[in-house]
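# Chains, contacts and geometry: an overview
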Amino acid sequence: MPVLNITGGPVSGTIRAHGAKNSILPILAATLLNRDVSVITNCPDLADVRSSLKILRHLGCKAEYADGTVTVDSSGVTRADIPEALMREMRSSVIFLGAVLARTGRADMSRPGGCELGTRPIDLHLAALKSMGAELSENGSDISCRASRLTGTEIILSFPSVGATENIMIAACAADGVTTVKNAAREPEIEDLQAYLRAMGADVTGGGTSTVCINGCMDKLRGAEHRVMPDRIETATYLCAAAMAGGRVTVEDAVPEHNSAVLSALSEAGCEISARRGAISLKRYKPLRPVRPVRTMPYPGFPTDAQSPLMSVCTRAGGVTVFTENIFESRFRHVGELARMGADIRIEGRVAVVFGVNKLYGARVKCEDLRGGAALVVAALGTEGVTTISHLTHIDRGYANLTENLTALGVNITRTP
Ligand code: EPZ
């Protein structure tokens, strides 16, 4: 099993953000809406991207990945089922539900199942598709959807679910009439999906706001080219790494306004941040300070995906920082591993209280989930000694070229088989 060996110490240098994992996945599903060829650029070579291509090939598409570009020929979709093994490979595979239903009029898949973050229900996805005319039958973990036709309607989401918003946008492209999504997720990835749908010729407006309108027009959709937006969570992770390690980092091809909440917290922690069009620079030479209570919220609030990397930073702050995780029911799995490195954190339900300590020590730790694993990498940069991190498949889902990037920042890191 491969492990990362990281020696703590300051960083210095420039890296470039990859394309956003959480934008690529719904866009790849949306390629099923046309019977043409789409070219998606700025795609990092991630496990979740490879899993999505496997699903597209299973459905009958031709899907190739080369040098950051994904080419999908969706002219020949021949199936409407996604086998359980593929559903389990990538938890967010439920994003294919709306696309397969829109393309074929049916969709058979198993529930994606829970993951390290909790049960991950999909009730909002299913209720929305049902309100558009889909007939759903469930037996145990299998879901069968049938929709000879989908009809536009008004959908009010009880929670601004990112995945549900995306599934509705995609399915509504095939519906007769207008679908309005209220209390829609406002994450930048929604805007990016809208940009690809519009490039295909779809009539979608409001992406990035609480109300998204889709006027169905399936038959006129064509293949399109789209460059995926930069990954704001990868960017936030590297900024936290520099905050923890001390020194400076510049992240090129980043979008400062996508990270406002994270930049505000890091500035409070004692970092000097400068942002210009297309890049964010962070310097930290002063001692880390605690941050006012951090509450994870839907965008534009503090992103749940950056909670654990920032928590790692706060383990070394000269005071107490309180985190409240409002989005997922189990997103503190990294705390036990941080404690092995000397961190002092108390968990009370959805609240974690971080008492800053003077030192963290290199230790053997393991990734429990994607962003929790990233938090261990961040923490390792602020320790005395060498930290060995195992169970890297979690990290490999969301961080391309991690070893190369940290090496470019001057970090002593090796990945051993
Ligand atoms: C997306 O997950 C992201 N994943 C997550 O990133 C991210 O943390 C999350 O949005 C929030 O920003 C992808 O885009 C692939 P949600 P998603 O639906 O769509 C509840 C990462 O680390 N909910 O907004 O699953 C749900 O249980 C990953 O890159 C329902 O109750 O998030 C959760 O508590 C992790 N019913 C909350 O809403 C539903 O039908 C947010 O979920 C759907 C969701």
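Small disclaimer: the values here were computed from a predicted structure and weren't measured.

### Examining the overall build of the protein
Scanning the protein from terminus to terminus reveals 14 helices and 26 strands. When its C-alpha atoms are laid out on the principal axes, the protein stretches across 65 × 40 × 40 Å. Counting the 417 residues in the protein, one finds 58% classified as buried. Excluding contacts between residues fewer than 6 apart, the proportion of contacts in the protein whose partners are at least 24 apart in sequence is 72%. Of the roughly 15600 Å² that the protein leaves accessible, carbon and sulfur atoms contribute 49%.

### Some details on the pairing of strand β8 (residues 135–139)
Looking at chain direction, β8 and strand β9 (residues 142–146) are connected through five bridges and run antiparallel. Among the inter-strand pairings, E135 is bridged to a residue of β9, identified as R146. In this structure, the hairpin formed by β8 and β9 is closed by a connection of two residues, where G140 is found at a positive phi of approximately 65°.

### Considering the site of the ligand
By nearness alone, 22 residues border the ligand, and D123, L124, S161, D305 and I327 come closest of all. One of the side-chain N or O atoms of D123 is found 2.7 Å from a nitrogen atom in the ligand. Here an oxygen atom of the ligand and a backbone polar atom of L124 are 2.7 Å apart. Burial of the ligand by the protein chains amounts to 87% of its free accessible area of 820 Å². Of all the secondary-structure elements, those providing two or more residues to the shell around the ligand are α1 (21–30), α5 (123–131), α6 (162–172) and α12 (370–380). Counting residues per element, the shell around the ligand draws most heavily on α5, which supplies three residues. Among the residues making up the shell around the ligand, the classes are represented as nine nonpolar, six polar and seven charged.

### Overview of the pairing of strand β15 (residues 247–252)
Note: strand β2 (residues 11–16) against β15, six bridges, orientation parallel. Opposite S12, over in β15, you have R248 as the bridge partner.

### Observations regarding helix α9 (residues 260–268)
The complete set of buried residues in α9 reads V262, L263, A265, L266 and E268. The inward-facing, buried residues of α9 abut α8 (232–245), β16 (272–276), β17 (279–284) and α10 (307–314). G270 sits one or two positions beyond α9 and adopts a positive phi of about 110°.

### Details of the nonpolar core
Within the largest apolar cluster, 77 residues are counted, with the highest numbers of intra-cluster contacts made by L28, L33, L56, F96, M132 and L197. Setting aside its immediate chain neighbours within four residues, M132 contacts R149, L150, T151, T153, I155, I168, A171, A172, A175 and T179.

### As for empty space enclosed by the protein
Take a probe with the size of a water molecule and roll it over the atoms, and the empty space left behind shows itself. All chains considered together, the criterion is met by two cavities of 30 Å³ or more. Of the volumes computed, that of the largest cavity is approximately 50 Å³. Sorting the residues of the lining of the largest cavity by element identifies α8, α12 and α14 (402–408) as the ones contributing at least two each. Tallied by class, the residues present in the lining of the largest cavity amount to nine nonpolar, one polar and no charged. Quantified by volume, the second largest cavity comes out at close to 30 Å³. Elements supplying a minimum of two residues to the lining of the second largest cavity: α1 and α8.

### Thoughts on the pattern of salt bridges
Here the structure, examined in full by the defined rule, presents 22 salt bridges. Here E368 makes a salt bridge to R333, at a shortest N to O gap of 3.1 Å. You can see E368 sitting in the loop between β23 (364–366) and α12 and its partner R333 sitting in the loop between β19 (320–324) and α11 (334–340), a full 35 residues away along the chain. Under the relative-accessibility criterion, E368 is labelled buried at 18%. R415 is the salt-bridge partner of D396, the closest N and O atoms lying 2.7 Å from each other. Here R415 lies in strand β26 (residues 412–416) and D396 lies in helix α13 (residues 393–396), a separation of 19 residues in the sequence. Bridged by salt links that share partners, the residues R16, R227 and D253 form one connected network.

### Focus on the packing of helix α4 (residues 96–104) against α6
For any two helices packed against each other, one specifies the crossing angle of their axes together with the interaxial distance. One way to put it is that α4 packs onto α6 with a least axis distance of 8 Å and a crossing angle of 10°. When the interaxial angle is binned, α4 and α6 end up roughly parallel. Contacts between α4 and α6 pair L97, G98, A99 and A102 from the former with N167, I170 and A171 from the latter. In terms of residue class, the contact of α4 with α6 is built from five nonpolar, two polar and no charged.

### Describing the layout of surface pockets
Of the volumes computed, that of the largest pocket is approximately 1300 Å³. Along the wall of the largest pocket there are 50 residues; nearest its centre are R91, L117, R120, V162 and F328. Secondary-structure elements contributing two or more residues to the lining of the largest pocket are α1, α3 (84–89), α5, α6, α8, α12 and α13. Tallying contributions element by element places α1 first for the lining of the largest pocket, with four residues. Residues belonging to the lining of the largest pocket are distributed by class as follows: 23 nonpolar, 10 polar and 17 charged. Contributing to the lining of the second largest pocket are 17 residues, with M244, R284, R316, N358 and G382 lying nearest its centre.

Rules behind the numbers
Position numbers for residues start from 1 in each chain and track the written sequence from start to end. Only residues with pLDDT of at least 70 get local features here, since the model is predicted, and only at 80 or more are side-chain atom pairs given and counted; chain-wide, interface and lining totals rely on the full set of residues. Side-chain numbers come from the whole structure's heavy atoms, not from hydrogens or water. Strands here mean DSSP runs of E at least two residues long; helices mean DSSP runs of H or I at least four residues long; both are numbered from the N terminus. Burial here depends on accessible area, computed with a 1.4 Å probe over protein chains only, as a share of the maximum for the residue type. Under 20% is buried, over 50% is exposed, and the range in between is partly exposed. Whether two residues are in contact is decided by their heavy atoms, any of which lying within 4.5 Å being enough. Here, Shrake-Rupley sampling with a 1.4 Å probe gives the accessible areas, and only protein chains in the shown set may cover a residue. Any two strands are treated as partners once DSSP identifies two or more bridges connecting them. We call a residue near a molecule or strand whenever a single non-hydrogen atom of that residue lies within 4 Å of it. For this analysis, a polar contact is any N or O atom pair within 3.5 Å, provided that within protein one partner can donate a hydrogen and the other can accept it, and provided that sequence-adjacent residues contribute only side-chain to side-chain pairs. Three classes are used: nonpolar for Ala, Val, Leu, Ile, Met, Phe, Trp, Tyr, Cys and Pro, charged for Asp, Glu, Lys and Arg, and polar for all others, with Gly counted as polar. For this analysis, a nonpolar core means a set of buried residues of the types Ala, Val, Leu, Ile, Met, Phe, Trp, Tyr and Cys, connected via side-chain atoms within 4.5 Å. Throughout, the protein atoms alone are placed on a 1 Å grid, and a set of points is a cavity if a 1.4 Å probe fits but cannot get out or a pocket if it is open with protein on both sides within 12 Å along at least five of seven lines; lining residues have an atom within 4 Å of a point. Grid points are joined across faces, edges and corners, and a volume is the space filled by probe spheres set on the points. Put simply, a salt bridge is a Lys or Arg side-chain nitrogen that is within 4 Å of an Asp or Glu carboxyl oxygen. Here an angle of 0 to 180 degrees is reported between the N-to-C directions of two axes, which are lines fitted to C-alpha atoms, with helices fitted over the stretch in contact. Reported orientations rely on four angle classes, namely roughly parallel under 35 degrees, roughly antiparallel over 145, roughly perpendicular from 65 to 115, and oblique for the rest.

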